[in-house]
Amino acid sequence: MLKLMREKFKHLKIILWMVVFVFVLLIFVDWGTGRQGGQRGLQGVAAQVGKTTITERAYLREMRSSEERFRQMYGQQWETVRQQLDLGTMVIQNLIERELLGQQADEMGLGVTDKELLDKIISFPAFHRQDGSFVGPEMYERILRTSFQLTPEEFEGELRSDLKIEKLQKALTSGVVIPDGDVEREYRKRNESASFDVMFVGIDRTLAAATPTDADAKAYYDAHQDAFTHPEQRQLRYLLVDDVRLRRSIVIPEAQISEYYTTHSSEFGTGEQVRARHILVKPTTQDDAGFRDALTRIREVYGRAVDPKTDFAALAREVTDDTGSKESGGDLGWFGRGRMVKEFEDAVFALRPGEISAPVKSQYGYHVIKLEERRSAGMRPLDEVRPQIQSKLAEGLADAEGSRRATTLKEKIDAAKLTSEEQWRGLADDVVSSNVTPFFAQGDTVPGLGRDPEMVTEVMAAKEGFVGGPRRTSRGWVIYRVAAIRKAGTTPFDEAKAEAREGAKRAKALELLKQEVEARRSLLAAGEFTSHEAAFGGKASSVADHKRGAAIPSVGASQSVEEAVFATPVGGLTPVVEVGDRGVAVARVQAKKSVDPAAFAAEKPGLRASLAQEEMQRLLQSILAESRREKDVTINNDLVDRFKPRQG
């Protein structure tokens, strides 16, 4: 490629590093930790994605680049943030995603020609001399090697991959059509609001009175076929070496606790801390004029704050623009160094208790700060941290013991060919429990064990009788057996009868409840809703400036209540509406902010583009999930684990 550049172009420009990589940075797709097993054959390799290798050199280079970006973003707080961020895992996941998307682009025929690559390279000015001419191929290569630790081949290969991903994005976006109705609904969701009182009555009030017959259950089953239709599913029998039970059985000697406390003293040290209040005045605009106006206003606030007669907390509740601390009178609680932006930190740690700072400028605006208390650096006493140490030591011992017990169970099952429910139950004890999951499908969590995409993929590909494990889960180590396979289809009524009866019971109870509340609905036309709670057996709440999609107190997220509220005039009562199968609700509308047609027309094109971008991102995530299922991905965990945050 370098040769082609020399022959065809005299004026070249360098591209900014990793143009499209920013797009995948911080997209967290749960790849797990790669395939189970050892790390043989991965020397010099960070990950294997299908037949493509992500080299250790590329991984380390991206680690350095990512760390530098975060360092610039967080400044002096970076070292603190670094200990809370698993940067190594994040980087390898992003590199894997990038490779999978590039492979998908190849499969779709979205290649990048040499001319497209060169056109992209010459679109950036960073490698121009002052007169605008290219610095020359030799200098181009030298700068790549010295500034980016890249060969021209590596740089151009990564750039070509970036361009393929750009083409994939454009191809997906071009196929996305957002109907006018969807754009209007989203605009209403973002801009409409309503204030109302609501009375929610739960289904428990009439559930006991609902007595469905077999005919009712069959009618419910016939009317709700979607609820009984399923993809191919699996049911597992599993033995769980329970973490909680195991930890209870482990006794940590006092000498071991003391030794841990002594050898991990930094873990229990406390730096200097302060408790402060502040008043924030935000600029109305982010330009110089906005900050000048904010400074004028904060000076007036400062004059009031330093008056000995002024209650600082009351003043903060009155004037601060910090909504997070407004109700508490500007109280920020206890905090140490590294928690606040530098300007704020420098000012607050320079104060003595009771002192109030002059106005302090930060990226958020201007602050007036009052220091309430100060704590010196020190060491938490052993008695205070003993439970914490016991828990931590027990956790480590329990994990090792759990792994050992699970391995022993697996060996016993394999050797004796234990397959029946009775045989597996016979292996349970005070720490090991025997369990059976409901049926689940690809993409589901494992009932009782939590989210584990790799385990689900393994189980869905297995035949009945397959025994897997030992495997670490959020609850402990497990051994599992595919107990049954249910083919895709509709569950027969005989199998679904109990579920259908329960559905019919709730439907009947909901109808009884709706009739009961409707009979008393007129009581809510006047007076406080709270005064009618006893009569309705419900819970009343007042809601201010509610926007579509937000949770409603006592009700939760409910489209049916929202639609009724926005369709009812101010001062009116909504009909009695069902809230899923949980109960019913009635609302009285107090105020509404409706959509401005002219404003909607002006914002419609931009909103449509935004929704198309969001849909494209969802399509990308679907592609990544499908690619992950189809292609083997192996991660060099030994390499990635070197960059995990230090603990203690």
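See above for the structure.
If you're wondering where the values come from, they're calculated on a predicted model, not measured in any experiment.

How each quantity is defined
- Think of each chain on its own: its residues are numbered from 1, step by step along the sequence as written.
- Note on the predicted model: pLDDT of at least 70 is required for a residue's local features to be given, and 80 or more for side-chain atom pairs to be given and counted; whole-chain, interface and lining totals, by contrast, use all residues.
- With hydrogens and water excluded, all non-hydrogen atoms of the structure serve as input to the side-chain values.
- Secondary structure follows DSSP: runs of H or I at least 4 residues long count as helices, runs of E at least 2 residues long count as strands, and numbering of each begins at the N terminus.
- Using a 1.4 Å probe on the protein chains alone, a residue whose accessible area is under 20% of its type maximum counts as buried, one over 50% counts as exposed, and one in between counts as partly exposed.
- In this description, contact between two residues means that some pair of their heavy atoms is separated by no more than 4.5 Å.
- Residue exposure ignores everything except the shown protein chains as possible cover, and the areas themselves are Shrake-Rupley values with a 1.4 Å probe.
- Pairing between strands is defined by DSSP: at least two bridges between them are needed.
- Axes here refer to lines fitted to C-alpha atoms; in helices the fit is confined to the stretch in contact. Angles between the N-to-C directions go from 0 to 180 degrees.
- Orientation is classified from the angle alone, with under 35 degrees giving roughly parallel, over 145 giving roughly antiparallel, 65 to 115 giving roughly perpendicular, and any other angle giving oblique.
- In this classification, the charged set is Asp, Glu, Lys and Arg, the nonpolar set is Ala, Val, Leu, Ile, Met, Phe, Trp, Tyr, Cys and Pro, and all remaining amino acids, among them Gly, are polar.
- Polar contacts here mean pairs of N or O atoms no more than 3.5 Å apart (in protein, one a potential hydrogen donor and the other a potential acceptor; neighbouring residues in sequence count only if both atoms are side-chain atoms).
- Salt bridges are identified by distance alone: a Lys or Arg side-chain nitrogen within 4 Å of an Asp or Glu carboxyl oxygen.
- A helix's residues, less one, multiplied by 1.5 Å, set its expected span.
- The reported arc concerns the directions from the helix axis to the C-beta atoms and nothing else.

Counting secondary structure elements, the protein chain contains 25 helices and 20 strands. In terms of principal-axis extent, the alpha carbons of the protein chain reach across some 85 × 80 × 65 Å. Buried residues in the protein chain amount to 42% of all 648 residues. Looking at the protein chain alone, contacts between residues at least 24 apart form 74% of all its contacts between residues at least 6 apart. On the protein chain, roughly 33800 Å² of surface is accessible, and the fraction owed to carbon and sulfur atoms is 51%.

A word on the sheet that holds strand β19 (residues 583-593). What the four strands build is an open sheet, ordered β17-β3-β19-β18; its pairing is antiparallel. At either end of the open sheet lies a strand with only one pairing partner, and these are β17 (539-546) and β18 (577-579). Taken over all neighbouring pairs, the strand axes of this sheet differ in orientation by 35° on average, direction set aside. The sheet contact formed by strand β3 (residues 193-202) and β19 spans ten bridges and is antiparallel. Bridging from a neighbouring strand, Val201 pairs with Val584 of β19. Across the sheet, helix α21 (residues 493-520) touches β3, β18 and β19, and the angle it forms with β19 is around 50°. Here helix α23 (residues 559-567) sits on the sheet and contacts β3, β17, β18 and β19; the angle it forms with β18, its principal contact strand, is near 150°.

Now for the packing of helix α7 (residues 137-148) against helix α8 (residues 152-174). Where α7 contacts α8, the two axes come as close as 9 Å, and the packing angle between them is 80°. What the angle tells us is that α7 and α8 run roughly perpendicular. Facing Tyr140, Glu141, Leu144 and Arg145 of α7, the residues of α8 in contact are Pro152, Phe155 and Glu156. For the contact of α7 with α8, a count of residues per class yields four nonpolar, no polar and three charged.

Here we take up unusual backbone geometry. Trans is the prevailing form of peptide bonds, just as negative phi is the prevailing case for residues other than glycine. The amide bond that connects Gly469 to the next residue, Pro470, takes the cis arrangement and shows omega of 0°. Checked against the element boundaries, Pro470 lands in strand β14 (residues 467-472). The backbone of Asp545 shows a phi angle near 50°, a positive value even though the residue is not glycine. Note that Asp545 resides in strand β17.

This next bit is on the environment of Glu563. Along the chain, the position of Glu563 falls in helix α23. Through-space distance from the C-alpha of Glu563 to that of Val577 is 9.7 Å; in sequence the pair is 14 residues apart.

With respect to the helices and strands, Lys164 occurs in helix α8. By relative accessible area, which is 14% here, Lys164 ends up buried. A polar contact of 3.0 Å, which involves the side chain of Lys164, links it to the side chain of Asp106. With sequence-adjacent residues up to four places away left out, Lys164 is seen in contact with Gly102, Ala105, Asp106, Leu110 and Val112.

Right, let's get into the pattern of salt bridges. One pass over the structure, following the stated rule, counts 59 salt bridges. Residue Glu272 pairs with Arg337 through a salt bridge whose shortest N-O separation is 3.7 Å. One end of the pair, Glu272, is in the loop between β6 (269-270) and β7 (273-281); the other, Arg337, is in the loop between β8 (331-336) and α17 (342-349), with 65 residues separating them in the sequence. Here Glu516 makes a salt bridge to Arg520, at a shortest N to O gap of 3.4 Å. Note that Glu516 and Arg520 are positioned in helix α21 at a spacing of four residues, about one turn of the helix. In this structure Glu516 comes out as partly exposed when scored by relative accessible area, which is 25%. A residue is classified by how much of its surface remains accessible, and Arg520, at 30% relative accessible area, is partly exposed. A single salt-bridge network, built from bridges that share partners, covers Glu184, Arg188, Glu192, Arg548 and Glu563.

On to the packing of helix α9 (residues 180-191) against helix α24 (residues 597-630). α24 packs onto α9 with a crossing angle of 105° between their chain directions and a minimal axis gap of 9 Å. Relative to α24, the element α9 lies roughly perpendicular. For the pair α9 and α24, contact is made by Asp180, Asp182, Val183, Glu184, Glu186, Tyr187 and Arg190 and by Ala599, Phe600, Glu603, Lys604, Leu607, Arg608, Ser610, Leu611 and Glu614, respectively. Classifying every residue of the contact of α9 with α24 by side-chain character gives six nonpolar, one polar and nine charged.

This part is about the pairing of β19. As judged from the three bridges shared by β18 and β19, these two strands associate in the antiparallel manner. By the bridge assignment for β19, Glu578 is matched with Val584. Between the antiparallel neighbours β18 and β19 lie three residues, among them Gly580 with a positive phi of about 55°.

In this section: α9. For α9, spanning twelve residues, the distance from its first C-alpha to its last is 16 Å, which sits close to the expected 16 Å at 1.5 Å a residue. Listed in full, the buried residues belonging to α9 are Val183, Glu186 and Tyr187. Along the axis of α9, the buried positions cluster into a sector of 100°, meaning they face one direction only. For α9, the elements touching its buried residues are α24.

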